[in-house]
Amino acid sequence: MENHVVLSACIEELQALRYTPAGLPALDLRLVHESSQMEAGVPRKVSAAVKAVAFGALAERLARQAPGSSWSFQGFLATPRNSKTVVLHIQDIQQN
């Protein structure tokens, strides 16, 4: 099955860089997306706030970025244990 997401968004909020029990850098962040999309042949304004997480060197790189900066994020969706919220696990970024 496919689970691949590409999302253009701004960094709204960055948490402090943390480390997993295995010593891997981890960063929790909140992304905000706004665009116009076609739905049923009609243009629609779309906005979404997305919880995201990055690990390793990518987490360290994102931790140095300014809130409000615009990026293209690639990754996959997963639901953490004991949660009902979907989180984007970031695997690659490109600055817009």
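Structure report, in brief. This is a predicted model, so every value here is computed, not measured. (Residues numbered from 1 in each chain as written. Predicted model: local features only at pLDDT ≥ 70, side-chain atom pairs only at ≥ 80, totals over all residues. Heavy atoms only, no water.)

1. Describing the nonpolar core
Part 1: Leu-31, Leu-62, Phe-73, Leu-88 and Ile-90 are the most contacted members of the largest nonpolar core, which totals 18 residues.
Part 2: Counting only elements with at least two residues in this core, the list comes to strand S1 (5–14), strand S3 (25–39), strand S4 (42–55), helix H1 (57–63), strand S5 (70–78) and strand S6 (87–95).
Part 3: Here this core gets 4 residues from one element, more than from any other, and that element is S1.
Part 4: Apart from the residues lying within four places of it in its own chain, the contact partners of Ile-90 are Leu-29, Ala-52, Val-53, Ala-54, Leu-58, Leu-62, Phe-73, Gln-74 and Gly-75. (Core = buried A, V, L, I, M, F, W, Y, C linked by side-chain atoms within 4.5 Å. Buried < 20%, exposed > 50% of the residue type's maximum accessible area, 1.4 Å probe, protein only. Helix = DSSP H or I, 4+ residues; strand = E, 2+ residues; numbered from the N terminus. Contact = heavy atoms within 4.5 Å.)

2. Concerning unusual backbone geometry
Part 1: Even without being a glycine, Ala-40 presents a positive backbone phi close to 55°.
Part 2: By the element assignment, Ala-40 lies in the loop between S3 and S4.
Part 3: Overall, the relative accessible area of 81% leaves Ala-40 in the exposed class.
Part 4: The phi torsion at Asn-82 lies on the positive side, around 60°, for a residue other than glycine.
Part 5: Here Asn-82 lies in the loop between S5 and S6.

3. Let's talk about the side chain of Gln-65
Part 1: Here Gln-65 shows up in the loop between H1 and S5.
Part 2: Only 2.9 Å separates the side chain of Gln-65 from the backbone oxygen of Arg-61, close enough to count as a polar contact.
Part 3: Setting aside chain neighbours within four positions, we find Gln-65 in contact with Ile-11, Leu-14 and Trp-71. (Polar contact = N/O pair within 3.5 Å; in protein donor to acceptor, adjacent residues only side chain to side chain.)

4. Some points on the pattern of salt bridges
Part 1: Using the criterion set out here, one finds 3 salt bridges in the structure.
Part 2: Between Arg-30 and Glu-12 there is a salt bridge; the shortest N-O distance is 2.9 Å. Linking Arg-30 in strand S3 with Glu-12 in strand S1, this pair joins segments that are 18 residues apart in sequence.
Part 3: Take Glu-12: its relative accessible area is 43%, and that puts it in the partly exposed class.
Part 4: Linking Glu-39 and Arg-44 is a salt bridge whose minimum nitrogen-to-oxygen distance equals 2.8 Å.
Part 5: You can call Glu-39 partly exposed: its relative accessible area is 45%. (Salt bridge = Lys/Arg side-chain N within 4 Å of Asp/Glu carboxyl O.)

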